[in-house]
Structures are given as C-alpha cells and as structure tokens.
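Per-entry structural report
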Amino acid sequence: MTDENASEEARKGLFDAAKGKAKEVAGALTGNDSLTTEGQLQAAQARENKEAKATALAADAQAAEAGEDLAAVKNTADAQRDAAAQSAKVSENEAKRDQQAQRVAAEQNKDRTVDAAVTDAEVDATAEQIEAVAEGQADVAAATKDELGAVVEHSKDVSDADAARAEAERIRRNA
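Everything numeric in this text was worked out from a predicted model, so none of it was measured. (Residues numbered from 1 in each chain as written. Predicted model: local features only at pLDDT ≥ 70, side-chain atom pairs only at ≥ 80, totals over all residues. Heavy atoms only, no water.)

Topic: the overall build of the chain
So the rule is basically this: The numbering of helices and of strands both runs from the N terminus, where a helix is a DSSP run of H or I of at least 4 residues and a strand a run of E of at least 2. Atoms counted for the radius of gyration: C-alpha only. Globule rule: 2.2 Å times residue count to the power 0.38. Two residues form a contact once any of their heavy atoms are found within 4.5 Å.
Of regular secondary structure, the chain possesses three helices and zero strands. Beginning at the N terminus, the succession of helices and strands in the chain can be written as α-α-α. A globule of 175 residues ought to have a C-alpha radius of gyration of about 16 Å, yet the chain, at 35 Å, is considerably larger. Overall size of the chain, expressed as C-alpha extent along the three principal axes, is 120 × 25 × 15 Å. Expressed as a percentage of contacts within the chain between residues at least 6 apart in sequence, the contacts between residues at least 24 apart total 65%.

Thoughts on the pattern of salt bridges
A side chain with one charge may pair with a side chain of the opposite charge, provided their charged atoms come close. As a reminder, the rule being used: Salt bridges are defined by distance alone: a side-chain nitrogen of Lys or Arg within 4 Å of a carboxyl oxygen of Asp or Glu. Per-residue accessibility, obtained with a 1.4 Å probe over protein chains only, is compared with the maximum for each type, and a residue is labelled buried under 20%, exposed over 50%, and partly exposed between these values.
Across all of its chains, the model carries 12 salt bridges by this definition. Two residues, Arg 165 and Asp 162, come together in a salt bridge whose shortest N-O distance is 3.0 Å. Taken together, the positions of Arg 165 and Asp 162, both in helix 3 (residues 112-174) and three residues apart, correspond to about one turn of that helix. On the basis of relative accessibility, which here comes to 40%, the residue Asp 162 falls in the partly exposed class.

Overview of a negative patch on the surface
Filter applied, for reference: For patch detection, residues must exceed 30% relative accessible area and be free of salt bridges, and they are connected within 9 Å for like charges or within 5 Å for nonpolar side chains (Val, Leu, Ile, Met, Phe, Trp, Tyr). Note on areas: these come from Shrake-Rupley sampling with a 1.4 Å probe, and a residue is covered only by the protein chains present in the view. A positive count includes Lys and Arg, and a negative count includes Asp and Glu. His and the chain ends are not counted in either. For charged residues, the charge sits on one atom: NZ in Lys, CZ in Arg, CG in Asp, CD in Glu.
A contiguous patch of negative charge, built from Glu 94, Asp 98, Asp 120, Asp 124, Glu 128, Glu 131, Glu 135 and Asp 139, is present on the exposed surface. Here the negative patch takes six residues from helix 3, the largest share from any one element.

Details of the side chain of Asp 16
With respect to the secondary-structure elements, Asp 16 resides in helix 1 (residues 3-30). With relative accessibility at 15%, the residue Asp 16 sits in the buried group. Those residues in contact with Asp 16, other than ones at most four positions away along the chain, are Gln 42 and Ala 46.

Here's the deal with the environment of Asp 124
Assignment of secondary structure puts Asp 124 in helix 3. With a relative accessible area of 47%, Asp 124 lands in the partly exposed category.

Section: the side chain of Thr 36
Under the convention used in this document: Whenever a nitrogen or oxygen atom comes within 3.5 Å of another N or O atom, the pair is scored as a polar contact, on the condition that within protein one atom can donate a hydrogen and the other can accept it, and that pairs from neighbouring residues in sequence are kept only if both atoms are in side chains.
The residue Thr 36 is located in helix 2 (residues 33-109) in this model. A distance of 3.0 Å separates the side chain of Thr 36 from the backbone nitrogen of Ala 28, its partner in a polar contact. What Thr 36 contacts, discounting residues up to four positions off in sequence, is Lys 23, Glu 24, Gly 27 and Ala 28.

What to know about the environment of Ala 56
For Ala 56, the position within the fold is in helix 2. Relative accessible area serves as the criterion here: at 17%, Ala 56 is assigned to the buried category. C-alpha separation for the pair Ala 56 and Ala 6, spaced 50 residues apart in sequence, amounts to 13 Å.

What follows is the structure, given as structure tokens:
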C-alpha cells in the first residue's frame, strides 16, 4: 500500500467515524433512535475497518519477514554446500597428489619396505578421501535440513498470514 493510499484510507476512516458519531449525536438530540443506531453502526464499522487494515498490514509484514528469513537460510545453505564441495575437491586433489608421490617412491625403490609404505599410504589416502566425502555429505545434509526448516516456517507464516487476511475479509464482509 502506498503512502498516498494509506493517507486516503486513514482520511476515509476518520471521516466515516466522524460521520457515524455525528449521526449518533443527531439521533440522540432529536430522539430518533433509528438515526442513533445507524450512527453507532457506522462508527463501529469504521473501527472494524481500521482493525482489519491493521491486521492485514501486520500479516503482510510477517509474510515479508518470512520471505527474507527463507532467502537468508537458502543463502547460508548454498554457501555451506559450496564450502563442502570445495573441501571435498581439495581433499580429492591432495589424495591424488599423495598417491602420485607414493607411486614414484615405489618405482624408485622397488623393494618390499617401500611397497608396504605405498600400500599404507594408499589406505590412508582412501580413508581421508572417504572421510572428506562423508564430511561433505554431512554438511550438505545439515544445510538441507536448515533449508527445509526455513521452508516449513515460511509456509506456516504464509498460512498464518492468509488466515489473518481471510479473517479480516470475513470481518469486512460481516460488518
């Protein structure tokens, strides 16, 4: 809602409330119960419209805040996912370099001790690689869980906002 529309709505609400109060007073002074009742109803309707507008604005603000929260969680999850992928890639590159160095040593020495050391190094490299992949998967799972939680929270906030809008609309229609 623009400031101009908000100002116009506020003026209209004040005018309706004042008009209702004037009818109520005029009815009371003239003894016209119908005019008094009409004035009371018009003033009550102006109050209800004001409350409905306030509820709708609060619901819109909550929906906007939930959208911002969701975007922040998605950004965090994306960053965590990227960091996990980068970490896995670095670990994989290190493991490949280790394996290559171990092969060179095995070719140069060609003895049983070096073969045993190469085997141990390959096992260590594989274990490091498995650990890196497991850590990456755990990071991705945690980020996904955070993102899902934010989506659920956003959906609830949107649902609450929709319910508030529907209630405000029902009040407006019934008024």
